Amino acid sequence: MYHFGQVDLFQRNLKLDLSCYVMALTKLLTQHKDAILQRWLNLIADTYPTEASAFLKGKDRFSNPVGYTISQEINALYEELLQGRVDSDKTAASLDNIIRIRAIQDFSPQEAVSFVFLLKKAMLEELGSEIEKEQSFREWLDFEPGIDKLASIAFDKYVECREKICELRVKEVKADKEIAVKLLNLVGGANMEHGEVME
Amino acid sequence: MSDEVAAPEELLEIDYRPPKKGWMEPTVEFKKGTYCYGAPLKHQEYLGLPNPRQWQPPDEDWQLPENWKDIILEGMDELLNKYRSFRLFMDICVRCGACADKCHFFIGSGDPKNMPVLRAELIRSVYRKHFTLPGKLFGKMGGARELTEDVLKEWFYYFYQCTECRRCSVYCPYGIDTCEITMMGRELLNLVGCNIGWIVEPASNCFRTGNHLGVPPHAFKDTLDFAVDEIEELTGIKVEASVNRKGAELLFITPSADYFASPHWYTLMGYMHSADMAKKLNAKMYAEAKRLGVKWILGGECGHMWRVVNQYMDTLNGPADYLEEPVSPITGTKFENSKSTKMVHICEFTADLMYNNKLRLDPSLNDHWRLTFHDSCNTARGMGLIEEPRYIINNVCNNFYEMPENTIKERTFCCGSGAGIGSDENLEMRLRGGLPRANAVKHVQEKHGVNLLTCICAIDRATLPTLLQYWVPGVEVSGLHELVGNALVMKGQKDRTTDMRGTPFEVEES
Amino acid sequence: MTAVLFFFGVILPYIAVLIFIVGIIYRVWKWARSPVPFRIPTTCGQQKTLPWIKANNLENPSNTVGVIGRMALEVLLFRSLLRNTTTELKQGVRKLVYKDSLLLWLGALLFHWSLLIILLRHSKFFLEPVPSFLLLFERWDGILQVSVPSWFPSMFPILFISNIIILLALTYLLLRRVLTSQIRYISLPADYLVVLLILGVVTSGILMKFFFKVDVVGVKTLALGVITFQPSVPADGIGLFFYIHLFLICALIAYFPFSKLMHMPGIFLSPTRNLANTNRISRHVNPWDKPVKVHTYEEWEDEFRDVMKDAGVPLEKEQ
């Protein structure tokens with residue numbers, strides 16, 4: 001659900017420096033929010049195997065965490081985008097939550113990140129000719145880089161997640177040996193020749 | 001996909017959907033991070049496993065023995081005749097789909113072949129082809145397919161993506177237990193020498209030294225002494241830990257990942273990929289109890305060990321008539337539910353102590369923890385140990401919050417790393433499988449500020465920290481009896497300023 | 001013509017029933033022949049343990065009564081399918097959220113129960129005189145008297161509740177298979193075959209009852225003849241739809257032992273459900289148990305004796 005108050009405030013602020021036609025697209029995007037988000041979710045779900053995608057469209061938080069997270073977070077992202085706050089902490093957190101999941105699933109890096117671009121597709125599909133109208137189109141040109149920015153933040157997040165995985169892997173290997181090393185030191189002090197600890 | 005960077009508009013045109021193919025076409029890609037390494041030759045040989053060779057899953061040529069197909073089919077025939085569960089579960093599935101979205105690997109990965117029903121169909125289709133009339137007559141239309149090398153690879157991929165947690169069997173209207181099917185699948189793979197290092201190596205080490213790392217006995221004694229010193233330092237009390245002492249009342253057996261352990265250290269590796277192997281390793285527990293002349297056995301916090309103790313041990317290596325029916329030496333309580341196996345779970349033991357007010361406890365010593373409890377699959381679904389740990393928790397701490405109902409108790413989500421696939425090379429797969437569990441933890445973290453996940457399984461304690469560091473940073477993992485240790489007020493102890501981890505208590509509490 | 005009718009009315013049913021009985025016995029015998037080496041119930045509740053902890057004997061039985069109770073819940077009420085409810089906090093209100101799986105439970109339960117009722121109703125064709133409880137039963141099932149519009153033929157008497165329910169339930173089960181991509185993916189041709197076959201039986205039965213009247217007395221004569229092994233086919237014929245109905249039934253029961261329909265006897269043998277969780281109380285014996293080579297303590301001590309001695313660990317043999 002969109003909050004009238006916020007958007008009105010946003011529109012009033014914009015009036016100061018932008019001409020009135022700027023509102024056309026924003027208005028459209030706000031009006032069609034639910035439909036666009038539904039399309040976006042479906043497009044993302046479709047990046048999974050067909051048989052799983054229907055399941056992912058479900059939204060139960062515990063029996064379907066992937067579907068739940070994606071639907072929650074794209075909602076938040078959309079809000080932020082409409083408010084023009086692409087760089088906010090909230091955006092980063094939302095992207096992080098989605099990417100954290102996609103980073104460990106069977107996706108190549110670009111596949112993992114490109115779900116952001118699917119928003120464009122969802123918008124174009126939903127609004128279609130409306131955007132092509134001259135007023136909206138010019139505004140679209142201003143709006144679009146926001147989505148690209150989201151994608152680049154998503155890429156940062158992806159790399160962060162992958163680094164985290166590597167770090168965890170190293171940590172685990174170390175932890176596995178930690179006890180052994182402790183023992184080795186203990187034993188080694190007394191009689192090193194028996195220090196056959198690890199195979 | 002091309003090497004050039006595609007413009008965003010072009011990206012939009014790409015259809016990520018996999019080609020529409022039925023599940024009968026085997027497709028497996030061994031991507032790094034999603035499979036376990038093959039077993040080292042040396043350990044395969046030490047255990048006398050069939051067809052030993054140096055081998056890795058992504059290899060094009062798996063160097064299978066010439067007659068591998070016959071070996072598998074003969075093996076299958078034998079297993080069908082040995083296990084009613086296997087034969088029955090091959091026949092009675094109606095594919096209703098109730099299990100489909102219950103598997104943590106399916107939920108986390110979205111890979112349709114991780115639906116329990118399909119995991120079983122991978123082997124069922126071959127069963128139909130070779131053991132049933134409709135399968136022989138109608139082939140693919142009858143749901144049957146030929147056993148090929150690709151099918152075998154698929155088996156390997158997906159049977160090592162099942163943690164044998166039995167969650168699906170809770171929801172199945174006929175109680176079909178994928179764990180049984182996975183066990184059979186792995187046993188068949190083992191017949192042609194397809195094993196994973198993370199199972200074979202610890203099994204081999206256990207066989208030889210009694211613990212999975214291959215730590216020799218003298219080093220173990222040293223660790224124990226070290227632990228005793230640590231406790232003295234923390235609490236001012238010198239506890240007595242006896243190793244290999246004859247005539248002791250109890251034999252305490254604990255997972256070898258706990259280097260904080262008591263008399264003799266003989267672990268059972270509950271890796272059930274082979275009943276024979278389980279028997280070989282498990283035999284040590286009773287043999288030791290007999291040799292040391294103890295009265296009964298107290299089992300530590302370990303999930304797999306307890307699945308085996310509760311459902312397999314007495315059958316495999318019993319009857320333990322040289323032991324006595326367990327009676328708590330402190331409270332005099334008879335543990336009637338273990339009168340044949342003669343092994344008591346430490347949670348049962350401790351809960352009994354607490355119920356009889358034999359422990360002086362100060363739950364405020366755990367006030368720095370806000371905790372939730374993770375039921376291990378094996379103790380929940382293979383035993384029904386549900387209320388005992390909760391009783392203990394409520395006695396030793398003040399801030400306990402349950403995760404949502406459909407993620408705990410008999411419906412608990414697996415940690416995603418059990419049944420031999422908790423290896424580091426398989427990390428991504430484990431992170432996928434652990435997502436549902438971590439997600440529920442995240443919920444209580446957001447809602448109640450939970451910062452500790454307590455559990456009673458060694459594999460959980462080994463692998464959940466990694467899982468939580470990725471999914472829910474800020475939540476730590478502990479064993480249940482660490483909390484008991486924290487809250488325990490012992491006679492003559494010095495003022496404790498730190499908990500068992502050496503972390504200082506918050507100022508207002510100390 | 002009589003020969004054809006005799007084939008479809010007598011020979012075919014005999015063959016089908018023979019296959020049905022022999023087939024089921026063979027399959028069950030095959031299952032029963034494989035032993036249950038380990039006691040592996042899936043425990044779905046608190047175990048029997050310390051006396052002051054309340055055990056859940058229905059979800060985690062510790063005695064035969066519990067097992068019977070658990071099986072009864074499973075067979076009569078499909079307990080496991082009902083497990084899928086989730087509690088969710090919605091705006092501070094705790095409420096139970098039911099999912100698709102509740103529909104599955106309901107659909108399956110309604111289907112199986114109405115099938116049972118219909119089977120019982122049909123037994124009146126094989127019994128003479130018809131036991132009074134069957135008549136009572138029939139009246140109860142037909143309690144929903146459809147107020148027949150006057151323009152309908154008067155032969156449209158009672159619409160049995162079970163007929164409506166079984167049609168709805170089967171349609172749901174079929175649609176679910178076709179429409180849910182997940183279920184479609186796991187479905188085999190045999191799964192559709194079974195639903196369609198039963199749907200065919202039900203539809204032909206309903207059509208025969210309400211639209212294409214057949215000679216009920218003839219049906220009963222045939223049925224009684226077949227069951228007393230003195231078969232005779234009524235000479236003036238019974239009606240085409242009766243033979244279609246009968247043929248589909250024959251196909252269904254002859255197919256039964258080869259199909260997944262074997263889940264009916266199978267559930268009673270399921271080791272994760274029909275065993276008590278008494279593993280630690282009484283020993284379960286594995287019939288094919290055989291000794292394996294174990295690594296004994298003596299071998300272990302032999303390997304590590306020196307170092308153990310150095311570390312001061314007590315030894316069995318000093319040298």
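None of the values given here were measured: they were computed from a predicted structure.

Participant: Even after reading the chapter, I still don't get the overall build of chain B, so can you show me in this structure?
Facilitator: Scanning chain B for helices and strands turns up 20 helices and six strands. The long-range share in chain B, meaning contacts at least 24 apart out of those at least 6 apart in sequence, stands at 73%.

Participant: Mind showing me how you'd approach the overall build of chain C here?
Facilitator: Assigned secondary structure in chain C consists of eleven helices and two strands. Counting helices and strands in the order they occur from the N terminus, chain C gives α-α-β-β-α-α-α-α-α-α-α-α-α. Taken across its 319 residues, chain C has 29% of its residues classed as buried. For chain C, the proportion of contacts with a sequence separation of at least 24, taken over those separated by at least 6, is 64%.

Participant: Any chance you could explain the sheet that holds strand E4 (residues 371-374) of chain B here in plain terms?
Facilitator: Across a sheet, paired strands are connected by hydrogen bonds in the backbone, their directions being either parallel or antiparallel. Residues and elements named next belong to chain B. With respect to topology, three strands assemble into an open sheet ordered E4-E5-E6, the strand pairing being parallel. Either end of the sheet is taken by a strand with one partner, and the two such strands are E4 and strand E6 (476-479). For this sheet the average axis-to-axis angle between neighbouring strands, irrespective of direction, equals 30°. Where strand E5 (residues 452-455) and E6 come together, four bridges link them in parallel fashion. Across the sheet, the residue bridging to Thr454 is Ser478, located in E6.

Participant: Is there a simple way to explain the nonpolar core in this structure?
Facilitator: The tendency in soluble globular proteins is for nonpolar side chains to be buried side by side. Residues Phe89, Trp155, Val441, Leu453 and Leu468 of chain B are the most contacted members of the largest nonpolar core, which totals 190 residues. Each residue touching Val441 of chain B, except ones within four places of it in the same chain, is listed here: Thr372, Met403, Leu453, Leu468, Val472 and Val475 of chain B.

Participant: I'm lost on the pairing of E4 of chain B in this one. Help?
Facilitator: For a regular strand, the rule is simple: side chains alternate between the two faces of the sheet. Residue and element names in this part refer to chain B. Here E4 shows no split at all, with Leu371 and Phe373 on one side and Thr372 and His374 on the other all buried. Judged from the four bridges that link them, E4 and E5 form a sheet pairing that is parallel. Paired with Leu371 across the two strands is Leu452, which belongs to E5.

Participant: Hey, could you run me through helix H6 (residues 89-102) of chain A in this one?
Facilitator: Working note: α-helix, 3.6 residues per turn, so residues spaced by three or four point in the same direction. Along its 14 residues, H6 of chain A runs 20 Å from first to last C-alpha, staying within 8% of the 20 Å computed at 1.5 Å per residue. Among all positions of H6 of chain A, only Thr91, Ser94, Leu95, Ile98, Ile99, Ile101 and Arg102 of chain A are buried.

Participant: Any chance you could explain unusual backbone geometry here in plain terms?
Facilitator: Note: most residues except glycine have negative phi, and most peptide bonds are trans. Residue and element names in this part refer to chain B. The residue Glu164 is not glycine, and still its phi comes out positive at about 55°. Its place among the elements puts Glu164 in the loop between helix H8 (149-159) and helix H9 (167-171). Glu164 sits in the buried class, given 27 other C-beta atoms within 10 Å. Look at Asn357: it is not a glycine, yet its phi comes out positive at around 55°.

Participant: Could you clarify how one ought to interpret the confidence of the model for chain C in this entry?
Facilitator: Regions with low pLDDT should not have their predicted coordinates read in detail. Residue and element names in this part refer to chain C. Taken over all residues, the pLDDT of chain C has a mean of 83, while the share at 70 or more is 82%. Throughout residues 86-98 the model reports pLDDT below 50, and contacts reaching past four residues in sequence, or to other chains, amount to 14 contacts. Across residues 147-157, where pLDDT falls below 50, the model places three contacts with residues more than four positions away in sequence or in other chains. Interface predicted TM-score (ipTM) for the complex: 0.86; the corresponding pTM is 0.80.

Participant: Teacher, can you tell me more about the environment of Ser376 of chain B here?
Facilitator: Secondary-structure assignment places Ser376 of chain B in the loop between E4 and helix H16 (377-381). Expressed as a C-alpha distance, the spacing of Ser376 of chain B and Thr412 of chain B, which sit 36 residues apart in the sequence, is 7.2 Å.

Participant: Which parts of the structure should I look at to understand the packing of helix H3 (residues 68-82) of chain B against helix H10 (residues 178-191) of chain B?
Facilitator: Relative orientation and spacing of two packed helices are given, respectively, by the angle between their axes and the distance between those axes. Residues and elements named next belong to chain B. Between H3 and H10, the least distance of the axes is 9 Å, while the angle of their chain directions is 140°. One way to sum up the angle between H3 and H10 is to call them oblique. H10 is crossed by H3, and the crossing has right-handed handedness. Residues Ile71, Ile72, Gly75, Met76 and Leu79 of H3 form the contact with H10, whose participating residues are Met184, Glu187, Leu188 and Leu191. By residue class, the composition of the contact of H3 with H10 is seven nonpolar, one polar and one charged.

Participant: What am I meant to see in the confidence of the model for chain B here?
Facilitator: Residues and elements named next belong to chain B. Averaged over every residue, the pLDDT of chain B is 75; the share at 70 or more is 69%. Confidence scores differ between elements of chain B, with helix H1 (residues 8-13) showing the lowest mean pLDDT of 42 and helix H4 (residues 84-91) the highest of 95. In the predicted structure, residues 1-19 sits below a pLDDT of 50 and forms 15 contacts with residues beyond four places in sequence or in another chain. Below a pLDDT of 50 lies the segment residues 254-275, which in the model reaches 79 contacts outside its immediate sequence neighbourhood of four places, other chains included.

Participant: Where do I start with H4 of chain B in this structure?
Facilitator: Within H4 of chain B, eight of the eight residues are buried, which leaves the element mostly enclosed by the surrounding structure. Among the residues making up H4 of chain B, those that are buried are Arg84, Ser85, Phe86, Arg87, Leu88, Phe89, Met90 and Asp91 of chain B. Lining the buried residues of H4 of chain B we find H3, helix H6 (116-131) and H10 of chain B together with helix H1 (2-33) and helix H10 (263-266) of chain C.

Parameters at a glance
- Residues numbered from 1 in each chain as written.
- Chains lettered and ligands numbered in written order.
- Predicted model: local features only at pLDDT ≥ 70, side-chain atom pairs only at ≥ 80, totals over all residues.
- Helix = DSSP H or I, 4+ residues; strand = E, 2+ residues; numbered from the N terminus.
- Contact = placed C-beta atoms within 7 Å.
- Buried ≥ 20, exposed ≤ 12 C-beta atoms within 10 Å, placed from the backbone.
- Pairing = 2+ DSSP bridges.
- Axes fitted to C-alpha atoms, helices over the stretch in contact; angles between N-to-C directions.
- Core = buried A, V, L, I, M, F, W, Y, C linked by C-beta atoms within 7 Å.
- Expected span 1.5 Å × (residues − 1).
- pLDDT = per-residue confidence, 0-100.
- Parallel < 35°, antiparallel > 145°, perpendicular 65-115°, else oblique.
- Left-handed = near helix turned anticlockwise from the far one by under 90°.
- Nonpolar A, V, L, I, M, F, W, Y, C, P; charged D, E, K, R; others polar.

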